[in-house]
Amino acid sequence: MSHPPDPTEILQRTIALATANVADGGGPFGAVVRLPDGELVEGVNRVTASNDPTAHAEVAAIREACARTRSPDLRGAVLYASCEPCPICMAAALWARLDLVVFAAGRGDAARAGFDDSAFYDYFARPGHHAVLPVEQHRHADAVDPFDAWLAHEGRTAY
């Protein structure tokens with residue numbers, strides 16, 4: 001995969017998007033997906049503006065890039081973010097099969113501004129029961145029916 005050796009210009013764009021988004025009622029986060037053909041797709045954080053906890057800048061940019069490419073697979077693309085992506089954004093980047101993630105500010109910088117995701121990082125780092133958000137499996141007799149239907153569906157699109 002080839003990407004620009006110096007990400008400074010695109011990272012500057014993410015920072016400008018994040019800064020402008022604050023004045024527009026959004027969070028201080030911006031992201032750009034650089035598609036394999038060089039097209040740049042932007043996203044900003046609209047969590048509080050849209051009352052959507054998944055409306056992170058990186059997720060928005062990935063969603064738009066997938067819409068433009070008409071594919072959930074963004075192999076060959078690079079995600080640039082104004083700040084270190086949180087676990088939800090990293091999960092989205094993994095699912096999109098991005099080649100690389102490049103960010104400017106770190107999670108410590110975000111924490112100083114009141115965006116402390118350390119409990120979320122800790123949650124995924126420790127297996128087992130969690131005080132932050134307990135997770136339980138209650139195995140149901142029909143639990144695998146959706147997967148069986150998926151496997152039997154000849155028209156499915158794998159992702």
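Calculation rules
- Residues numbered from 1 in each chain as written.
- Predicted model: local features only at pLDDT ≥ 70, side-chain atom pairs only at ≥ 80, totals over all residues.
- Heavy atoms only, no water.
- 1 Å grid on protein atoms, 1.4 Å probe; cavity = no way out; pocket = protein on both sides within 12 Å on 5 of 7 lines; lining within 4 Å.
- Points joined across faces, edges and corners; volume = space filled by probe spheres on them.
- Helix = DSSP H or I, 4+ residues; strand = E, 2+ residues; numbered from the N terminus.
- Nonpolar A, V, L, I, M, F, W, Y, C, P; charged D, E, K, R; others polar.
- Phe/Tyr/Trp six-rings, centres within 6.5 Å; stacked < 30°, edge-to-face > 60°.
- Buried < 20%, exposed > 50% of the residue type's maximum accessible area, 1.4 Å probe, protein only.
- Lys NZ or Arg CZ within 6 Å of the ring centre and 35° of its normal.

As annotated in an unreviewed UniProt entry, the chain carries the name Nucleoside deaminase and is attributed to Brachybacterium saurashtrense.

Glancing now at the layout of surface pockets. Each pocket or cavity is described by its volume, and for the largest pocket that value is around 530 Å³. Secondary-structure elements contributing two or more residues to the lining of the largest pocket are helix H2 (47-50), helix H4 (87-95), helix H5 (107-112) and helix H6 (118-125). At 4 residues, the largest contribution of residues to the lining of the largest pocket is made by H6. Among the residues making up the lining of the largest pocket, the classes are represented as 18 nonpolar, 4 polar and 4 charged. Ile 62, Cys 66, Ser 71, Pro 72, Asp 73, Arg 75, Ala 92, Trp 95, Ala 96, Arg 97, Ala 158 and Tyr 159 together form the lining of the second largest pocket. Among the secondary structure elements, those contributing two or more residues to the lining of the second largest pocket are helix H3 (57-69) and H4. Counted by class, the lining of the second largest pocket contains 8 nonpolar, 1 polar and 3 charged residues.

Counted under the stated rule, the structure contains 2 aromatic pairs. When the centroid spacing of 5.0 Å and the interplanar angle of 85° are considered together, the rings of Phe 29 and Phe 115 count as edge-to-face. Of this pair, Phe 29 sits in the loop between helix H1 (8-23) and strand S1 (30-34) while Phe 115 sits in the loop between H5 and H6, placing them 86 residues apart in sequence. Assessed through its relative accessible area of 14%, Phe 29 is described here as buried. What makes Phe 115 partly exposed here is its relative accessible area of 33%. Aromatic pair Tyr 123 and Phe 124: ring centres 5.2 Å apart, planes at 85°, arrangement edge-to-face. Exposure remark for Tyr 123: the relative accessible area of 14% places this residue in the buried category. Stacked on the ring of Tyr 121, the Lys or Arg Arg 107 has its end atom at 3.6 Å from the ring centre.

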